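An overview of the molecular structure
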Amino acid sequence: MASILDPQARGRVILVGAGPGDPGLLTVRAVEALKSADVVVHDGLIDPRVLDLAPDAHRISVAKSRSKHTVPQDGINALIVAHVKTGAIVVRLKGGDPFIFGRGGEEVEAVRAAGLPVEVIPGVSAALGCAAEAMLPLTHRDHSSAVSFVAGQCKGLADQDWSGLAGKGRTLVIYMGVATCPDIADKLMADGVAPDMPVAVLEKGTLAGSRAMKTLLADLGPMVEREKVQSPAIIVVGEVVELSDAEDKLARWARMAEAAA
């Protein structure tokens, strides 16, 4: 591999979707890319077993957490470009799919602006992987003919217009919504979504310790607090939730309260 001091050397970037967590859900092309990598720039939630598929690569973590980015996006872009210019094959490894709330578009733009080659290998998105594990169909001929994806924290929750995305015959999937779920519930009910609309919370989907819980929209915030839900988790709002294998936490809580009375 060329030295990082040689700015004339040119390599390439492979933007790889690592899927929702379970290494078995990686695509064949993703595995091939990892095996060819000289450098892997990865998110913090990547399963160690996925990283082990690139045993000889130099690993660089650019882990992020809510309101605290270890490396800002501009810094990540510059890091990728710097290593590619050495002639290295750089795999930028992202959870889920790079182009669904993964800032993959920004990174592709940065690499292209530097005049360097880049390709994208899609991954199973968190919404699809977690919903499948919970036997939760995001669309269904009898219950939902449309599905939308939104971010629960992305440049200000209050500024996002979700009107018409949730309700009868529609499914809404919310990424990164654990911390703001009380506000999310209030926002949706203010838009006219019924308080008794079924809601599922899918925590750590496809990984050890995963949980799938369902309740009603009005109980979303209290349930997340009662159950001490932690990220990563996605929230699904819609009638399709009733078809899932998720445990009905509201019913269980009501039974516990009745027994204690």
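Worth saying up front: this structure is predicted, and the values here are computed from it rather than measured. (Residues numbered from 1 in each chain as written. Predicted model: local features only at pLDDT ≥ 70, side-chain atom pairs only at ≥ 80, totals over all residues. Heavy atoms only, no water.)

**Comments concerning the overall build of the chain**
What the chain contains, in helices and strands, is eight helices and 13 strands. Taken against the 2.2 N^0.38 rule, which gives 18 Å for 261 residues, the C-alpha radius of gyration of the chain at 20 Å falls within 12% of a compact globule. Principal-axis analysis of the C-alpha atoms gives the chain an extent of 70 × 35 × 35 Å. Counting every position in the chain, which comprises 261 residues, the buried fraction comes to 46%. Here the contacts in the chain between residues at least 6 apart in sequence split such that 70% fall between residues at least 24 apart. A total of about 12,700 Å² of accessible surface is found on the chain, and carbon and sulfur atoms cover 55% of it. Computing the positive centroid from 27 side-chain charges and the negative centroid from 32, the chain places the two 3 Å apart. (Helix = DSSP H or I, 4+ residues; strand = E, 2+ residues; numbered from the N terminus. Rg over C-alpha atoms; globule rule 2.2 N^0.38 Å. Buried < 20%, exposed > 50% of the residue type's maximum accessible area, 1.4 Å probe, protein only. Contact = heavy atoms within 4.5 Å. Areas by Shrake-Rupley, 256 points an atom, 1.4 Å probe, with all protein chains shown as cover. Lys, Arg positive; Asp, Glu negative; His and termini not counted. Charge placed at Lys NZ, Arg CZ, Asp CG, Glu CD.)

**Let's talk about the sheet that holds strand β8 (residues 144-151)**
Taking strand neighbours across the sheet as the criterion, the six strands line up as β8-β9-β12-β10-β11-β13 in an open arrangement whose pairing is mixed. Every other strand in the sheet has two partners, leaving β8 and β13 (247-248) as the edge strands with one partner each. (Pairing = 2+ DSSP bridges.)

**Section: the sheet that holds strand β3 (residues 58-61)**
In spatial order, the strands read β3-β2-β6-β1-β7; together these five strands make up an open sheet with parallel pairing. Looking along the sheet, the strands with just one partner apiece sit at the ends: β3 and β7 (118-121). In this sheet, adjacent strand axes meet at a mean angle of 20° when their direction is disregarded. As paired strands, strand β2 (residues 39-42) and strand β6 (residues 89-94) are joined by four bridges and run parallel to one another. Residue V41 lies in a different strand from β6, and its bridge partner there is R92. Of the strands in this sheet, β1 (12-17), β2, β3 and β6 touch helix α3 (residues 73-84), which is tilted by about 150° from β6. (Axes fitted to C-alpha atoms, helices over the stretch in contact; angles between N-to-C directions.)

**Here's the deal with the packing of α3 against helix α4 (residues 104-113)**
Direction vectors running N to C along α3 and α4 enclose 45°, while the axes themselves pass 10 Å from each other. It follows that α3 is oblique to α4 by the angle criterion. The hand of the α3/α4 crossing is right-handed. In this structure, α3 contributes Q73, I76, N77, I80 and V81 to the contact, and α4 contributes E106, E107, A110 and V111. A class-by-class count of the residues in the contact of α3 with α4 yields five nonpolar, two polar and two charged. (Parallel < 35°, antiparallel > 145°, perpendicular 65-115°, else oblique. Left-handed = near helix turned anticlockwise from the far one by under 90°. Nonpolar A, V, L, I, M, F, W, Y, C, P; charged D, E, K, R; others polar.)

**Comments concerning the pattern of salt bridges**
Where charged atoms from two side chains of opposite charge come close, those side chains can pair. Tallied over the entire structure, the rule returns 14 salt bridges. A salt bridge links D43 to R92; its shortest N-O distance comes to 3.0 Å. Of this pair, D43 sits in the loop between β2 and α2 (48-51) while R92 is found in strand β6, placing the two residues 49 residues apart along the sequence. Through salt bridges that share partners, E203, R211, E227, E247 and K249 make up one connected network. (Salt bridge = Lys/Arg side-chain N within 4 Å of Asp/Glu carboxyl O.)

**Focus: helix α6 (residues 181-190)**
Among the residues of α6, C181, I184, A185, K187 and L188 are the ones counted as buried. Taken around the axis of α6, the buried residues stretch over an arc of 165°, which confines them to a single face. On its buried face, α6 is in contact with β9 (169-175), α7 (220-226) and β12 (233-237). Two residues or fewer past α6, G192 is found with a positive phi of approximately 105°. (Arc of directions from axis to C-beta.)

**Thoughts on a nonpolar patch on the surface**
The grouping of F101, L128, F149 and M176 at the surface amounts to a nonpolar patch, some 340 Å² of accessible area in total. Among the structural elements, F149 can be located in strand β8. (Patch = residues over 30% accessible without salt bridge, like charges linked within 9 Å, V, L, I, M, F, W, Y side chains within 5 Å.)

**Quick notes on the environment of L25**
Along the chain, the position of L25 falls in the loop between β1 and α1 (28-36). Excluding its chain neighbours within four sequence positions, the residues that come into contact with L25 are P20, V124 and T206.

**So, unusual backbone geometry**
Backbone phi values are negative for most residues with the exception of glycine, while trans is the configuration of most peptide bonds. Across the junction of S231 and P232, the peptide omega takes the value 5°, indicating a cis bond. Locating P232 in the fold gives a position in the loop between α7 and β12. Within the chain, K204 stands out as a residue other than glycine whose phi angle is a positive 50°. Structurally, K204 is set in the loop between β10 (198-203) and β11 (211-216). For K204, a relative accessible area of 29% puts it in the partly exposed group.

**What about the nonpolar core?**
I174, L188, V201 and V237 are the most contacted members of the largest nonpolar core, which has 24 residues in total. Among the elements of the structure, β9, α6, β10, α7 and β12 are those that each provide at least two residues to this core. Looking at this core, the element that brings in the most residues is α6, giving four residues. Membership of the second largest hydrophobic core comes to 18 residues, among which are A18, A33, I46 and L51. (Core = buried A, V, L, I, M, F, W, Y, C linked by side-chain atoms within 4.5 Å.)

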